[in-house]
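Residue-level structure breakdown
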Amino acid sequence: DSEKMAEYIQNIPDTSCIIFVENEIDKRTKLYKSILKHGYVVEMNTPSEKELILWITKKCKENQLQIENHTAVYLLRTVGGEMIQLEEEIKKLSHFLTEKTMITTKDIDAICTKSLETKIFDLVDAVGNGRCKEALTIYHNLILIKESPLMVLVMVIRQFRIILQCKILLEQGENQNQIGQKIGIRDFVVRQCLKQAKYFKKEDLQKALESCLKTDINIKTGKENPELAVELLLLQYNNKK
């Protein structure tokens with residue numbers, strides 16, 4: 001079928017437009033080469049951290065604001081890498097900071113909305129440091145804003161898994177950039193996870209993932225209440241610290 005499509009593309013009428021959307025492509029195929037010759041191919045790659053920092057600086061200038069590189073990284077860490085959300089938060093900062101132009105980390109903490117990923121990072125950070133009360137406060141606040149306990153659990157599992165991957169790759173001699181490329185995460189996320197990895201032994205992370213899996217199964221089989229099950233998981237892990 002792809003060969004037939006490759007031939008058909010050569011004679012598509014001007015009144016027609018065909019769009020192919022693919023996550024991965026084989027540039028060796030006849031279809032790809034036909035599209036490249038008779039149409040237009042564009043790769044929409046996720047911006048790197050460096051590119052996002054430059055973009056944040058540009059957007060701040062457009063809103064009559066200034067931001068230093070380390071503060072831009074902090075904004076990225078707080079809000080996340082979604083450019084639409086970042087632009088909205090920069091606009092919020094421009095409306096609130098009427099008496100100055102230089103953005104600080106305190107301004108970001110006071111005004112910007114943290115991404116779910118950042119909140120989960122803070123939650124795991126509190127767990128890793130044995131700050132049980134803080135971990136539960138973050139969790140309860142997530143429930144109050146109608147986040148699903150299962151979604152919180154999924155994000156916690158993801159965070160533990162990334163920390164474990166970072167820890168293993170670091171021990172294997174990989175540097176920060178190599179770790180990010182292998183796992184497929186941004187540099188600032190790697191830095192955060194490597195910092196958190198110091199709080200955990202590999203055995204701790206493996207046991208935490210096993211406990212998360214058991215909790216997930218119990219919730220999905222109706223053995224435990226979702227909200228309570230995740231809370232008990234956090235308590236159980238903190239009690240081991």
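The structure reproduced in this document is the subject of the present report. Remember, predicted model here, so these are calculated numbers, not experimental data. Note that residues are indexed from 1 along each chain, following the sequence as it is written. Reporting of local features is limited, given that this is a predicted model, to residues whose pLDDT is at least 70; pairs of side-chain atoms are given and counted only at 80 or more, and all residues count toward the totals for whole chains, interfaces and linings. Remark: hydrogens and water are excluded; side-chain values derive from all non-hydrogen atoms of the structure.

1. Brief notes about the overall build of the protein
Formally: Every helix listed is a DSSP run of H or I at least four residues long, and every strand listed is a run of E at least two residues long, numbered separately from the N terminus. Classification of residues uses two cut-offs on accessible area relative to the type maximum, computed with a 1.4 Å probe and protein chains only: under 20% is buried, over 50% is exposed, and between them is partly exposed. Any two residues whose heavy atoms approach within 4.5 Å are treated as being in contact. All accessible-area figures derive from a Shrake-Rupley calculation using a 1.4 Å probe, and residue coverage is judged against the displayed protein chains alone. The convention is simple: Lys and Arg are positive, Asp and Glu are negative, and His and the chain ends are not counted. Here the site of a charge means atom NZ of a Lys, CZ of an Arg, CG of an Asp or CD of a Glu.
For the protein, the helix and strand inventory stands at 13 helices and zero strands. Walking the protein from its N terminus toward its C terminus, one meets helices and strands in the order α-α-α-α-α-α-α-α-α-α-α-α-α. Principal axes of the C-alpha set define a box for the protein whose edges measure 70 × 55 × 40 Å. Residues counted as buried form 39% of the 241 residues belonging to the protein. Counting contacts in the protein only where the partners sit at least 6 residues apart, residues at least 24 apart contribute 66% of the total. About 15200 Å² of surface is accessible on the protein, with carbon and sulfur atoms providing 51% of the total. Each charge sign in the protein was given a centre, from 36 positive and 34 negative side chains, and these centres are 4 Å apart.

2. Topic: a nonpolar patch on the surface
Operational definition: Each patch is built from residues lacking any salt bridge and having more than 30% relative accessible area; the joining distance is 9 Å for like charges and 5 Å for nonpolar side chains (Val, Leu, Ile, Met, Phe, Trp, Tyr). Salt bridges are defined by distance alone: a side-chain nitrogen of Lys or Arg within 4 Å of a carboxyl oxygen of Asp or Glu.
Residues Y8, I18 and F20 make up a contiguous nonpolar surface patch of roughly 270 Å² in combined accessible area. Note that Y8 resides in helix 1 (residues 2-9). Look at Y8 and you get partly exposed, because its relative accessible area is 43%.

3. Remarks on the packing of helix 9 (residues 149-171) against helix 12 (residues 202-220)
Each pair of packed helices gets described by two things: the angle between the helix axes and the distance between those axes. What counts is decided by this rule: For helices, the fitted line uses only the C-alpha atoms of the stretch in contact; every axis is such a line through C-alpha atoms, and the angle between N-to-C directions lies from 0 to 180 degrees. In this scheme, roughly parallel covers angles under 35 degrees and roughly antiparallel covers those over 145, while 65 to 115 is roughly perpendicular and the rest are oblique. Note on convention: near helix rotated counterclockwise from far helix by under a right angle means a left-handed crossing. Clockwise means right-handed.
Following both chains from N to C, one finds helix 9 and helix 12 inclined at 155°, their axes separated by 10 Å at the closest point. It follows from the interaxial angle that helix 9 and helix 12 lie roughly antiparallel. For the crossing formed where helix 9 meets helix 12, the hand is left-handed. Contacts from L150, L153, V156, I157, F160, R161, I163, L164, K167, I168 and E171 in helix 9 reach K202, L205, Q206, A208, L209, C212, T215, D216, I219 and K220 in helix 12.

4. A closer look at the side chain of E231
Residue placement: E231 occurs in helix 13 (residues 226-239). Here E231 sits buried without a salt bridge, and the closest side chain of opposite charge, K133, lies 13 Å off (N-O distance).

5. Quick word on the packing of helix 10 (residues 176-183) against helix 11 (residues 187-197)
Rules: Classes in brief: Ala, Val, Leu, Ile, Met, Phe, Trp, Tyr, Cys and Pro nonpolar; Asp, Glu, Lys and Arg charged; the others, Gly included, polar.
At a minimum axis distance of 9 Å, the contact between helix 10 and helix 11 shows a crossing angle of 105°. Judged on the interaxial angle alone, helix 11 and helix 10 are roughly perpendicular. When helix 10 is examined against helix 11, the residues Q176, N177, I179 and G180 are found in contact with a partner set consisting of D187, V190, R191 and L194. Its residues assigned to classes, the contact of helix 10 with helix 11 comprises three nonpolar, three polar and two charged.

6. Focus on the packing of aromatic side chains
Just so we agree on the cut-off: Two aromatic rings, drawn from Phe, Tyr or Trp (for Trp, its six-membered ring), form a pair once their centres lie within 6.5 Å of each other, and the interplanar angle then sorts them: stacked below 30 degrees, edge-to-face above 60, tilted otherwise.
In total, this model carries one aromatic pair according to the counting rule given. Their ring planes at 90° and their centres at 5.8 Å tell us that F160 and F200 sit as a pair that is edge-to-face. Placement of F160 in helix 9 and of F200 in the loop between helix 11 and helix 12 is noted, with a sequence separation of 40 residues between them. Accessibility expressed as a relative area gives 5% for F160, which makes it buried. Judged by its relative accessible area of 2%, F200 falls in the buried class.

All quantities given are derived from atomic positions and should not be read as evidence of function.
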